[in-house]
Amino acid sequence: MTGSNEGGDDASVTIGLLKRKMDEFAKARDWEKFHSPRNLLLAMVGEVGELSEIFQWKGEVPRGIPDWKEEEKTHLGEELSDVLLYLVRLSDVCGVDLGKAALRKLDLNALKYPLPKGKGGDADADAGGSNNGEAE
Ligand SMILES: [Mg+2]
């Protein structure tokens with residue numbers, strides 16, 4: 001990572017860009033020796049904990065979190081980013097092409113949970129089961 005940001009958005013920020021920036025960030029600080037798969041996994045889990053703290057004790061919150069203060073939304077973005085960046089770094093040091101793996105997993109999920117009749121699929125509505133959209 002460098003000090004400058006490209007100011008991109010979801011459509012223009014690629015996994016490859018994040019991967020390169022994380023690699024630059026680690027190299028510039030001589031942190032590659034710390035970026036073992038296990039260390040990165042544990043760091044990511046720690047960040048998931050920080051993300052969870054934001055929602056802890058709030059009860060269910062509506063999509064779009066309309067009642068949250070701007071600073072809470074900023075903090076949420078920071079913790080989501082911490083999780084994403086460690087995930088990207090972990091996949092990189094493990095030699096996993098995360099974009100390709102994620103698309104493959106979506107395809108596998110689509111096969112496992114086919115669209116019900118009337119939703120564009122030809123599967124029986126009861127065959128897909130229901131897991132509330134959770135990936136496995
Ligand atoms: Mg954090």
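A short tour of the structure in this document, coming up. Just so you know, these numbers come straight off a predicted model, no measurement behind them.

## Focus: the overall build of the protein
Tallying secondary structure elements over the protein gives four helices and zero strands in all. Put simply, the protein runs from its N terminus to its C terminus through helices and strands in the order α-α-α-α. The buried share of the protein, reckoned over its 136 residues, is 7%. Put simply, of all contacts in the protein between residues at least 6 apart along the chain, 62% involve residues at least 24 apart.

## Some words on unusual backbone geometry
Positioned with a positive phi, Asp30 is a non-glycine residue whose angle comes to about 55°. Relative to the assigned elements, Asp30 resides in the loop between α1 (15-28) and α2 (37-55). Residue Asp30 is classed as exposed on the basis of its 8 C-beta neighbours within 10 Å. Here Trp57, not a glycine, exhibits a phi torsion of approximately 70°, which is positive. Looking at the element boundaries, Trp57 is found in the loop between α2 and α3 (70-93). A residue is classified by how many C-beta atoms lie within 10 Å of it, and Trp57, with 5 of them, is exposed.

## Quick notes on the nonpolar core
In summary, soluble globular proteins display a tendency toward joint burial of nonpolar side chains. Grouped together as the largest cluster of nonpolar side chains are six residues: Met22, Leu40, Leu85, Tyr86, Val88 and Leu90. The dominant element in this core, judged by the number of residues it contributes, is α3, at four residues. Residues in contact with Leu85, not counting those within four places in the same chain, are Leu18 and Met22.

## Quick notes on α1
The terminal C-alpha atoms of α1, which comprises 14 residues, lie 20 Å apart, in line with the 20 Å expected from a rise of 1.5 Å per residue. Phi for Asp30, located one or two positions after α1, is positive at around 55°.

## Describing α3
In this model, α3 (24 residues) spans 35 Å end to end at C-alpha, consistent with the 34 Å of a helix rising 1.5 Å per residue. All of the buried residues in α3 are Leu85, Tyr86, Val88, Arg89, Leu90 and Asp92. Those residues of α3 hidden inside the fold are in contact with α1, α2 and α4 (98-112). Phi turns positive one or two residues past the end of α3, at Gly95, with a value near 75°.

## A short note on the packing of α2 against α3
It is at 9 Å that the axes of α2 and α3 come closest, and there the two elements cross at 160°. In terms of their interaxial angle, α2 and α3 are classed as roughly antiparallel. Where α2 crosses over α3, the two elements pack in a sense that is left-handed. Packed against α2, whose contacting residues are Pro37, Leu40, Leu41, Ala43, Met44, Glu47, Val48, Glu50, Leu51 and Ile54, the element α3 presents His75, Leu76, Glu79, Leu80, Asp82, Val83, Tyr86, Leu87, Arg89, Leu90 and Val93 at the interface.

Rules used throughout
- Counting from 1, residues in each chain are numbered in the order their sequence is written.
- Only residues with pLDDT of at least 70 get local features here, since the model is predicted, and only at 80 or more are side-chain atom pairs given and counted; chain-wide, interface and lining totals rely on the full set of residues.
- Strands are runs of DSSP state E lasting at least 2 residues, helices are runs of H or I lasting at least 4, and numbering of each runs from the N terminus.
- With C-beta atoms placed from the backbone, a residue is buried if 20 or more other C-beta atoms are within 10 Å of its own, exposed if 12 or fewer are, and partly exposed between those counts.
- Two residues qualify as a contact pair if the distance between their C-beta atoms, derived from the backbone, is within 7 Å.
- Residues enter a nonpolar core if they are buried, belong to Ala, Val, Leu, Ile, Met, Phe, Trp, Tyr or Cys, and are joined to the set through C-beta atoms within 7 Å.
- A helix's residues, less one, multiplied by 1.5 Å, set its expected span.
- Helix axes use the C-alpha atoms of the stretch in contact, all axes being lines fitted to C-alpha atoms, and the angles between their N-to-C directions lie in the range 0 to 180 degrees.
- An angle below 35 degrees is read as roughly parallel, one above 145 as roughly antiparallel, one from 65 to 115 as roughly perpendicular, and any other as oblique.
- In this scheme, a crossing is called left-handed if the near helix is turned counterclockwise away from the far one by less than a right angle; it is called right-handed if the turn is clockwise.

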